[in-house]
Amino acid sequence: MGSLMEWVPLATSFIQERVHGIKKSDIIDGIANIWDLFRISFIAPILRVFVVICLVMSVMLFIERVYMSAVILYVKLFGLKPQKRYKYEEIEDDIEKGSSHYPMVLVQIPMYNEKEVYKLSIGAACGLSWPSDRIIIQVLDDSTDPMIKDLVELECQRWACKGVNIKYEIRHNRNGYKAGALKEGLKHHYVEMCDLVAIFDADFTPEPDYLYKTVPYFIHNPDIGLVQARWKFVNADECIMTRIQEMSLNYHFKVEQEVGSSTYAFFGFNGTAGVWRIKALYSAGGWKDRTTVEDMDLAVRASLKGWKFVYVGDVQVKNELPSTFKAFRFQQHRWSCGPANLFRKMAMEIVRNETVNLWKKVHTIYSFFFVRKIVCHIVTFVFYCIVIPTSALVPEVYIPKWGLVYIPSIITLLNAIETPRSFYLVINWVVFENVMSMHRTKGTFIGLFEAGRVNEWVVTEKLGDALLKSKDNNSIKPAIKPSQIPLLARIRERVYAMELCVGAYIFFCACYDVAFGKYWYFIYLFAQAIAFFVTGLGYVGTRIPNSWD
């Protein structure tokens, strides 16, 4: 033991002499050599594979966008509106027949704790111009707040006193969420006399002539199962986030929906502002709650039964965009997770279907699902938020200019041109869409692999006129002052860790590129990092007090 104790000081002294003998520059050089070896031998080969995959997906997305733009140009040049593609005659009053030649229409309004907008939606539905004996308004209230349920029921009674045929329906559970409510609503005995069903979410307010502009397509075209109207956003100017949403959704409606209607007579039902032939709905198997996109599920199944869909862009229905970032995140998770999960469930069913032709199958599987619902989200996040920043650290990996600049620029312009009034916000749109692609990609993988949150359903919060009220101190005051909310809860409500982490990584890559890079990636990387930081710190969208009297 004594000899061992004697060796300890000697060994310590020897190590100290060797360490002190090494220069700091030697340590730095050693670390640099290790990094170079690791980068060249391990990171660079993997990154090159990801670059190739992302470039292939970018080309797929580019071809899809160019193709759809060509179709839209053709439709506009030759004026191929749906009235020309299908037999369309306006419904006129007949003195002899009275109102009997009008189809019987059921109007469904599903709602869940819609305190701010229930009056608007019920009032708009009850104000539809249609013979009073040929329309039934059905309010499907799944509210869990007793006070809100009472308010909705009173509003229905108020309209019933005015002679409107309105039904207030509730159920004892929320099984199936919106799909469950719509399915349950069709079980009532009075629905048997209805030919068509129009569906409006709680924040949608159709114009009085909505039915007069959509129903005629069903009368003379027995193969049409769905007529979809366009959304018009009443709060698009509320903040930059809503302006950016408007740009993305305008492309969806003006291009994607129009192309699907014009060429394949198929597109995804948007869940609202549409009219279904009840026969088509039943023949497709009715509403199912197996995914969070019950509307798209129904549309695909109806299409496989041979039913055609018509998109009528001239008919617009007012609605509200989510103006808080929290609500927008939940909505985007549902809109990305649901389609991916539906693709997983229905891909082979579409392939084996014998009713529709091969061209329509290819369009549904490849274009509608794979490119738009999966490839688009993945390539946006992986390429622009992971691969490009990482390539700034790995000079051995080269990304061709056509994939780095030309293709993204053309895709961006094709999207932005549909909303010319917001063209000056195109840079904001690009970096914010890249931020949101992180959540969409996560949702896509959750849907594809049926992970934990695959069936998570969070109703998109609608503010209605709450924002206007918040600006008037005399009309409404917060029930809880911000100072009364615990600090940790306020931080958790406002700060988003994932955005901050990705932003920090991109910022580091930008700084590295400034110091050692040669491709000038930092110009884009700094802008993208700032977008992640701004979003991660909660400086996006509208903020209102947490609770109201």
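Cut-offs used in this document
- Residues numbered from 1 in each chain as written.
- Predicted model: local features only at pLDDT ≥ 70, side-chain atom pairs only at ≥ 80, totals over all residues.
- Heavy atoms only, no water.
- Salt bridge = Lys/Arg side-chain N within 4 Å of Asp/Glu carboxyl O.
- Buried < 20%, exposed > 50% of the residue type's maximum accessible area, 1.4 Å probe, protein only.
- UniProt positions renumbered as here; feature names shortened; annotations may be inferred.
- Helix = DSSP H or I, 4+ residues; strand = E, 2+ residues; numbered from the N terminus.
- Expected span 1.5 Å × (residues − 1).
- Bend = angle between axes of the 7 residues up to and from the residue.
- Patch = residues over 30% accessible without salt bridge, like charges linked within 9 Å, V, L, I, M, F, W, Y side chains within 5 Å.
- Areas by Shrake-Rupley, 256 points an atom, 1.4 Å probe, with all protein chains shown as cover.
- Lys, Arg positive; Asp, Glu negative; His and termini not counted.
- Charge placed at Lys NZ, Arg CZ, Asp CG, Glu CD.
- Pairing = 2+ DSSP bridges.
- Right-handed = clockwise from strand over helix to strand, strands pointing away.
- Axes fitted to C-alpha atoms, helices over the stretch in contact; angles between N-to-C directions.
- Core = buried A, V, L, I, M, F, W, Y, C linked by side-chain atoms within 4.5 Å.
- Contact = heavy atoms within 4.5 Å.
- Phe/Tyr/Trp six-rings, centres within 6.5 Å; stacked < 30°, edge-to-face > 60°.
- Parallel < 35°, antiparallel > 145°, perpendicular 65-115°, else oblique.
- Left-handed = near helix turned anticlockwise from the far one by under 90°.

Draft legend 1. Structural context of the pattern of salt bridges. Considering all chains together, one arrives at 19 salt bridges under this definition. The residue Arg290 makes a salt bridge to Asp297 at a minimum N-O spacing of 2.8 Å. On the basis of relative accessibility, which here comes to 25%, the residue Arg290 falls in the partly exposed class. Residue classification places Asp297 among the buried residues on the basis of a relative accessible area of 0%. The salt bridge involving Arg440 is made with Glu433; its shortest N-O contact spans 3.0 Å.

Draft legend 2. Representation of the UniProt feature "transmembrane region" (unreviewed entry) in the protein. As annotated in UniProt, the feature "transmembrane region" (unreviewed entry) corresponds to residues 42–63, 374–394, 406–432, 495–515 and 521–540 in the numbering used here. For residues 374–394, the helix share is 86%, the strand share is 0%, and the end-to-end C-alpha distance is 28 Å. Measuring from the first to the last C-alpha atom of residues 495–515 gives 30 Å, for a span that is 90% helix and 0% strand.

Draft legend 3. Up close: helix α12 (residues 325–352). The end-to-end C-alpha separation of α12 is 41 Å, in line with the 40 Å expected for 28 residues at 1.5 Å each. Helix geometry: α12 is bent most strongly at Met346, by close to 50°.

Draft legend 4. Structural view of a negative patch on the surface. Negative charge collects at one region of the surface, where Glu89, Glu90, Glu92 and Asp93 lie side by side. By the secondary structure assignment, Glu90 is in the loop between α3 (82–85) and β1 (105–111).

Draft legend 5. View of the pairing of β1. Burial analysis of β1 places 7 of its 7 residues in the buried class, which makes it a mostly covered element. Of the two faces of β1, the one carrying Val105, Val107, Ile109 and Met111 and the one carrying Leu106, Gln108 and Pro110 are both buried. Here β1 pairs with strand β2 (residues 135–141) via 7 bridges, running parallel. In the sheet register, Ile109 faces β2, and the bridge partner there is Val139. Regarding the hand of the β-α-β motif, the stretch spanning β1, helix α4 (residues 118–126) and β2 is right-handed. Relative to strand β4 (residues 196–199), β1 is paired through 4 bridges, and the arrangement is parallel. Paired with Leu106 across the bridge in β4 is Val197.

Draft legend 6. Region of the structure containing the sheet that holds strand β7 (residues 308–319). One open sheet holds the 7 strands; their spatial order is β3-β2-β1-β4-β6-β5-β7, and the pairing between them is mixed. The open sheet has two edge strands with one neighbour each: β3 (166–170) and β7. Sheet twist, expressed as the mean angle between neighbouring strand axes with direction ignored, is 20°. Where strand β5 (residues 224–233) and strand β6 (residues 274–277) come together, 3 bridges link them in antiparallel fashion. The partner of Leu226 across the bridge, within β6, is Trp276.

Draft legend 7. Summary view of the nonpolar core. Counting residues in each nonpolar core, the largest one holds 135 residues, and the members touching the most others are Val107, Ile122 and Trp276. Tallying contributions element by element places helix α13 (residues 358–391) first for this core, with 15 residues. Discounting residues that sit within four places of it in the chain, Val107 has contacts with Ala125, Leu128, Ile135, Ile136, Ile137, Gln138, Ala198 and Phe200. One finds Ile244, Met247, Trp429 and Val540 within the second-largest nonpolar core, a separate group that totals 13 residues.

Draft legend 8. Region of the structure containing the packing of aromatic side chains. A complete count under the given rule lists 34 aromatic pairs for this structure. Each ring, one from Phe266 and one from Phe309, has its centre 5.9 Å from the other, and the planes form 45°; the classification is tilted. Of this pair, Phe266 sits in the loop between α9 (240–264) and β6 while Phe309 sits in strand β7, and the two are 43 residues apart along the sequence. Taken individually, Phe266 and Phe309 each receive the classification buried, so the pair is uniform in this respect. With centroids separated by 5.5 Å and ring planes inclined at 65°, the aromatic side chains of Phe507 and Phe526 adopt a geometry described as edge-to-face.

Draft legend 9. Focus on the environment of Phe218. Within the secondary structure layout, Phe218 lies in helix α8 (residues 216–220). Separated by 130 residues in sequence, Phe218 and Tyr88 have C-alpha atoms that sit 8.8 Å apart. Leave out the neighbours within four places in its chain, and Phe218 touches Leu196, Ile224, Gly225, Leu226, Val227, Val275, Trp276 and Arg277.

Draft legend 10. Structural context of helix α11 (residues 294–304). The buried count for α11 comes to 11 of 11 residues, which makes it a mostly enclosed element. Along α11, the residues that are buried comprise Glu294, Asp295, Met296, Asp297, Leu298, Ala299, Val300, Arg301, Ala302, Ser303 and Leu304. Buried-residue contacts for α11 involve α6 (177–185), β6, α10 (278–283), β7, α12 and α13. Once α11 ends, the next one or two residues include Gly306, with phi positive near 100°.

Draft legend 11. The arrangement of the packing of helix α15 (residues 426–449) against helix α18 (residues 497–516) in detail. Between α15 and α18, the shortest axis-to-axis distance is 11 Å and the interhelical angle comes to 120°. Between α15 and α18, the angle is such that the two are oblique. Crossing of α15 against α18: the hand is right-handed. For the pair formed by α15 and α18, the contact residues are Val435, Met438, His439 and Lys442 on the first element and Met498, Glu499 and Val502 on the second.

Draft legend 12. Structural detail: unusual backbone geometry. The backbone phi angle of Tyr177 is positive, close to 50°, even though this residue is not glycine. You can see Tyr177 is positioned in helix α6. A residue is classified by how much of its surface remains accessible, and Tyr177, at 32% relative accessible area, is partly exposed. Positive phi is not limited to glycine here, since Glu450 has a value of about 50°. Within the secondary structure layout, Glu450 lies in the loop between α15 and α16 (466–470). Assessed through its relative accessible area of 34%, Glu450 is described here as partly exposed.

Draft legend 13. Up close: the environment of Ala265. Within the element layout of this structure, Ala265 appears in the loop between α9 and β6. Of the residues examined, Ala265 reaches a relative accessible area of 9% and is grouped as buried. Considering only alpha carbons, one finds Ala265 and Trp307, 42 residues apart in sequence, at a separation of 8.4 Å. Other than its neighbours up to four places away in sequence, Ala265 contacts Tyr86, Gly260, Trp307, Lys308, Phe309 and Lys360.

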